[in-house]
Amino acid sequence: MSDLTGLTIAEARDGLRKKAFSARELTDAHIKAIEKARALNAFVTETPELARAGAAESDKRLAAGSARALEGIPLGIKDLFCTKGVLTTAGSHILDGFKPPYESTVTRNLWDAGATMLGKLNMDEFAMGSSNETSYYKPVINPWRRKGSNTPLVPGGSSGGSAASVAARLVLGATGTDTGGSIRQPAAVTGIAGIKPTYGRCSRWGIVAFASSLDQAGPMARTVRDCAIMLKTMASHDPMDSTSVDMPVPDYETAMTGNVKGLRVGIPKEYRIDGMPAEIEALWQKGIEWLKAAGAEIVDVSLPHTKYALPAYYIVAPAEASSNLARYDGVRFGLRVPGKDITSMYENTRAAGFGREVQRRILIGTYVLSAGYYDAYYIKAQKLRTLIARDFDEAYKKCDLLLTPTAPGPAFGIGEKTDDPISMYLNDVFTVTVNLAGLPGISVPAGLNSEGLPLGLQLIGKAFDEATLFRAGEVIEKAAGMTPRPQAWWEV
Amino acid sequence: MNTAFITSRTDTGPLLDGATGKWEVVIGMEVHAQVTSKAKLFSGASAEFGADPNAHVSFVDAAMPGMLPVINRFCVEQAVKTGLGLKATINKRSTFDRKNYFYPDLPAGYQISQYKEPIVGEGVVIVDMPGGKSFTVEIERLHLEQDAGKSLHDQHPDQSYVDLNRSGVALMEIVSRPDLRSSEEAAAYLKKLRAILRYLGTCDGNMDEGSMRADVNVSVRKPGGKLGTRCEIKNVNSMRFVAAAVEYEARRQIDIIEGGGTIHQETRLFDSKKNETRSMRSKEEAHDYRYFPDPDLLPLEFDDAFVGRIKASLPELPDDKKDRFMREYGLSLYDAGVLIAERESAAFFEEVAKGRDAKLAANWVVNELFGRLNKEGLSITQSPVSAAAMGSVVSLISDGTISGKIAKDVFEIVWSEGGDPRAIVETRGLKQVTDTGAIEAAVDKVIAANPQKVEQVKAKPTMMGWFVGQVMQATGGKANPQAVNEILKKKLGI
Amino acid sequence: MSVDKNTVRRVAKLARIAFPEERLEPMAGELNRLLAWVEQLNEVDTSTVEPMTSVVKMSLKMRDDVVSDGGQAEAVTKNAPLGEDHYFAVPKVVE
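Everything quoted here is computed from the prediction, not taken from an experiment.

Conventions we followed
Residues numbered from 1 in each chain as written. Chains lettered and ligands numbered in written order. Predicted model: local features only at pLDDT ≥ 70, side-chain atom pairs only at ≥ 80, totals over all residues. Helix = DSSP H or I, 4+ residues; strand = E, 2+ residues; numbered from the N terminus. Buried ≥ 20, exposed ≤ 12 C-beta atoms within 10 Å, placed from the backbone. Rg over C-alpha atoms; globule rule 2.2 N^0.38 Å. Contact = placed C-beta atoms within 7 Å. Pairing = 2+ DSSP bridges. Nonpolar A, V, L, I, M, F, W, Y, C, P; charged D, E, K, R; others polar. Core = buried A, V, L, I, M, F, W, Y, C linked by C-beta atoms within 7 Å. Domains from an automatic or database assignment. Right-handed = clockwise from strand over helix to strand, strands pointing away. Axes fitted to C-alpha atoms, helices over the stretch in contact; angles between N-to-C directions. Parallel < 35°, antiparallel > 145°, perpendicular 65-115°, else oblique. Left-handed = near helix turned anticlockwise from the far one by under 90°.

Turning next to the overall build of chain C. Each helix and strand in chain C was counted, giving three helices and three strands. What you see in chain C, going N to C, is helices and strands ordered as α-α-β-α-β-β. Dimensions of chain C, computed from C-alpha atoms along their principal axes, come out at roughly 55 × 45 × 25 Å. Across the 95 residues that make up chain C, the buried fraction comes to 29%.

This is the structure:
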């Protein structure tokens, strides 16, 4: 029954209710697919027993007619979410053996809705990366390959395992987190949909913190509709998170009317960057045409401070991370490397436990917060943030949402960009502005390029207007046509 | 935090003698006062003292991955209340900053505190000294912050044990300007501050349990000279130790300077066994705390109504109570000062004084009762003599039933055996003899028995005391002393 | 503002990450490249701009003063690499 893994969440939900198949069958099909896909290295921890136990419970409820919103839907969970009693690594050596005694609010919401967990997904270490190459557990391989090539490609990052597992049909959907583009960029280069909600929409409680003012959890799935379904359950007001907004969660699915007549779509000119590949420019144009054809109005807008977003991000995010990662010291959990005294223990543990990229960002973050540099760097970057947010406020006087490319190119080869951090950082050039302003952004699969690799288009919305993003996103998705399934070259 | 070393105090206190002349000591204090909340500042774990290791710890306090802070409203209210008690500016908008450093009792590797924008601004504390002098200490600010956990270094040869029960407990840090000029002033300031906090109920001031501790900044200078480099003595946990630490440190610094050396700004600890301060090894390196606004929290904001509600709930504060006692009861500054030192003592006194001679009541409470309580090491709440019983004794003196001397005996009986004073006087026949006839008879008897002394007393009136003693003895101590004096004077012709 | 290996040594110390001598210079180079790249922020005049203080436009919610947590010394200390009687154990600290 391998076509069970080809379903969307919406289809699986219908199928379970119609009793076309059981939750157990659905889960088993995915477990088998995962077993055959180890070459992709998408999982850090597989949890088939938990998934089967969940499926059994779901079958009972489905039979009793008391099915919950995501009853029986098997998902993958990015290893940044603390899952009670299940190894949680954040892709790092320093969290060796860490089994949280608590469940993150977002995953708790999913389990309370009847979803089940197939496993914990590989990711860039502490969510720092755009290619899943910084993981202690080795890179994730993109299920997509260039036409006629065996070169292993990156799945994007940091939610690389989430993206790869969804694209390869190992899970029906996955959770990701996005601090500078870590849901949207991998979604784009693996041909799936992924949304970073408005900051504060999903609770951060129980998610290993990277940059507190930028981190946001979100769904990754094969269709825009599936993302809407997942987000409805993932989002909630959480009194245990002081930055969680107390606003009701709309039923996003019902907002997906397919109607974008009169919707004003802004095209920010500053996103047309120097050296932008022709195929990305062409894709953007296609997106404009699709929306126009559906009745949307295209408006030229300007976001003047766009180019400063990446450097501002690479000050603020490492600064917050340097403080958030101070708790990884070998005392209360995870790896401990002995030392002659407490200071040596800290230094040895953190040197051995953190990878190169994480160490680099901790040092930069520590430096920009240090005496004498705080105003010049951290405060300066936070001021740029105010300006970037203002740019969006201005633009939204003339339009309802913005259309841009998601990533500056398709998936690249593993190892191709690891020598130059800045060139790696440029992968997030279109996505970081959104995190800095705290706005929602979705990446929608928009077809394959000439090499057969997926590309994505990004829609950026007003605060808490995810509904419009889903509505417009589905229009693009339908116009582009469903992204085909990648050839399962990895199957054992 | 390092406050600007500004002081507006212009008078000088007592000066210390050095080899090269007189020296002035300049002292400022940062007091950490634990808020009387049930739960911690940013977590729901209990703030109660004395539990088993790590039993009062939430995952937030243990800084587990993904944990987040949520602020406790009661702690915010107590900070505002304390600010009002210090006559300080209340900042309706304040922010929280992270103070970053590594230490095993600081699990997150940062402390959530308030650096740039504290909840309370400038205020003032008036301190009374014995002899009627008083001086003003300006308060620079009060802010909320987390307490750290505790490490035990003596349980194991090469390990330290860490207990995070105290980690995250709410502290109010009260920072004074360097307006103190002697060890006595330092102790007096701390005593007054503690009284204010206890009156407000925002901190219980139990220094031996660690719910109030002081970081004392000490420097020395020649009178009228530039301010000297200061050293900080951390975590002093009794008023006695504060005074001793100041004295030792001032002397240490004077000796160094007079010996040709310079003072290096450093952090020190007070060793109460050796009665000296010593440098803290772990604080040797310069700290760069890299303060930045905590991104897990938003700015703290509240409105005038919030402050108004708290203001309406303020009790009468020590200074106001002292003024009222002097005004309403006609008490001396000294007596009023003693009575208001603790809210419970003041309440006790007022119950005793109700409908009675206030000055007499004050005299008895301050001298007899407090004297005895101090001797036995008891607090007013542990007094075996209740306010009602004390009041009863005072009434018995006022209405002439017993003399002051007999009253002391009655007090002693109530203290050790309990009972109702009036009943005690009845059953033991302690009533004062006021019947002039009886007294005259006794006086006549003594005069008759001592003709030589009667002659001597005419020349030496001070011998009257002997006669008074004789008459008191003859009447079993119950004669009214005033009447005895008058009758004796008349009969002896003095 | 340029970083040399002494700065890297100091910053690594602040961050409690052991850095062998031979990695100091290369890391100084990496940090300098990053700092040179972020230098472009100075092209923008921000003299009249406030730094962003909160991403969400809402006020800090406060919780009631009730004991709702703790009492779980076992769970709190379970993941510790070293401990005794529910204490965390670390190499001895001298004050």
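Next up on the list: the overall build of chain B. When helices and strands are tallied, chain B shows 15 helices and 17 strands. Since a compact globule built from 494 residues should have a radius of gyration of about 23 Å, the 29 Å found for chain B marks it as more spread out than a globular shape. Projecting the C-alpha coordinates of chain B onto the three principal axes gives extents of approximately 95 × 55 × 50 Å. The buried share of chain B, taken over its 494 residues, is 47%. Within chain B, contacts between residues separated by at least 24 positions form 69% of all contacts whose residues are at least 6 apart in sequence.

Spatially, E6-E5-E16 (chain B) is the arrangement adopted by the three strands of the open sheet, whose pairing is antiparallel. Where the open sheet ends on each side, the last strands, each with one partner, are strand E6 (110-113) and strand E16 (292-293) of chain B.

Let us now look at the sheet that holds strand E2 (residues 83-84) of chain C. Within a beta sheet, neighbouring strands are joined by backbone hydrogen bonds and run either parallel or antiparallel to one another. Pairing in this open sheet of four strands is antiparallel, and the strands run E9(B)-E10(B)-E3(C)-E2(C) from one edge to the other. Two strands in the sheet have a free side with no partner beyond their single neighbour: strand E9 (150-152) of chain B together with E2 of chain C.

So, on to the interface of chain A and chain C. Listed by partner, the interface residues are 54 residues for chain A and 39 residues for chain C. Those elements that provide at least two residues to the side of chain A that touches chain C are helix H9 (309-324), helix H10 (342-353), helix H11 (356-369), helix H12 (375-395) and helix H13 (421-425) of chain A. The element that contributes the greatest number of residues to the side of chain A that touches chain C is H12 of chain A, accounting for ten residues. Residues of the side of chain A that touches chain C, tallied by class, amount to 29 nonpolar, 15 polar and ten charged.

We now examine the nonpolar core. If you look at the biggest cluster of nonpolar residues, it comprises 270 residues, and the most contacted ones within it are Leu75 and Ile315 of chain A together with Ala186, Tyr189, Val216, Val242 and Val246 of chain B. A per-element tally of this core places H9 of chain A first, with ten residues. With residues up to four places along the chain from it excluded, the contact list for Leu75 of chain A reads Leu110, Ala115, Met117, Leu118, Val171, Leu172, Gly173 and Ala174 of chain A. By size, the runner-up hydrophobic cluster in this structure holds 36 residues, among which are Ala341, Phe349, Ile406 and Leu430 of chain B.

Often, the extent of an interface is quoted as the loss of accessible area upon association of its parts. Examined at the domain level, chain B breaks down into domain 1 (16-309), domain 2 (316-427) and domain 3 (436-492). A separation of 32 Å is found between the C-alpha centroids of domain 2 of chain B and domain 3 of chain B.

The linkage connecting Gly157 of chain A with the following residue, Ser158 of chain A, adopts the cis geometry, with an omega of 10°. Here Ser158 of chain A shows up in the loop between strand E3 (116-121) and helix H5 (160-167). Its identity as a non-glycine residue notwithstanding, Phe464 of chain A has a phi of 65°, on the positive side. Considering the arrangement of structural elements, one finds Phe464 of chain A in the loop between strand E11 (454-461) and helix H15 (466-480). Positioned with a positive phi, Arg16 of chain C is a non-glycine residue whose angle comes to about 50°. For Arg16 of chain C, the position within the fold is in the loop between helix H1 (5-14) and helix H2 (21-38).

Time to look at the environment of Asp14 of chain A. All names here are of chain A. Relative to the elements of secondary structure, Asp14 occurs in helix H1 (residues 9-17). The exposed category is assigned to Asp14, around which 12 C-beta atoms lie within 10 Å. It is 34 Å that separates the C-alpha atoms of Asp14 and Asn132, two residues lying 118 residues apart in sequence.

What follows deals with the pairing of strand E2 (residues 74-78) of chain A. All names here are of chain A. Of all five residues that make up E2, five are buried, and the element is covered over most of its length. Burial along E2 is two-sided: Pro74, Gly76 and Lys78 facing one way and Leu75 and Ile77 facing the other are all buried. Sheet topology places E2 next to E3; five bridges connect them, and they run parallel. The residue of E3 that forms the bridge with Ile77 is Lys120. Read from E2 through helix H4 (residues 105-112) to E3, the crossover connection turns out right-handed. Summarising the sheet, E2 and strand E4 (residues 173-177) pair through three bridges and their orientation is parallel.

Contacts between the two partners involve 32 residues from chain A, matched on the other side by 24 residues from chain B. Taken together, the elements giving at least two residues each to the side of chain A that touches chain B come down to H9, H10 and H11 of chain A. Element by element, the count of residues in the side of chain A that touches chain B is highest for H9 of chain A, at three residues. A per-class count over the side of chain A that touches chain B returns 17 nonpolar, nine polar and six charged.

The subject of this paragraph is the packing of helix H2 (residues 183-200) of chain B against helix H3 (residues 239-258) of chain B. All names here are of chain B. At a minimum axis separation of 8 Å, H2 and H3 run at an interaxial angle of 150°. Taken together, H2 and H3 sit at an angle that is classed as roughly antiparallel. At the point where H2 passes H3, the crossing takes the right-handed sense. For the pair H2 and H3, the contacting residues are Ser183, Glu184, Ala186, Ala187, Leu190 and Lys191 in the first and Met239, Val242, Ala243, Val246 and Glu247 in the second. Considering only residue class, the contact of H2 with H3 consists of seven nonpolar, one polar and three charged.

On to the pairing of strand E7 (residues 264-268) of chain A. All names here are of chain A. The element E7 is largely enclosed, with a buried count of four among its five residues. In the sheet, E7 pairs with strand E8 (residues 297-301) via five bridges, with the strands oriented parallel. Looking at the pairing, Gly266 lines up with Val299 of E8. Taken together, E7, helix H8 (residues 278-293) and E8 form a β-α-β motif whose crossover is right-handed.

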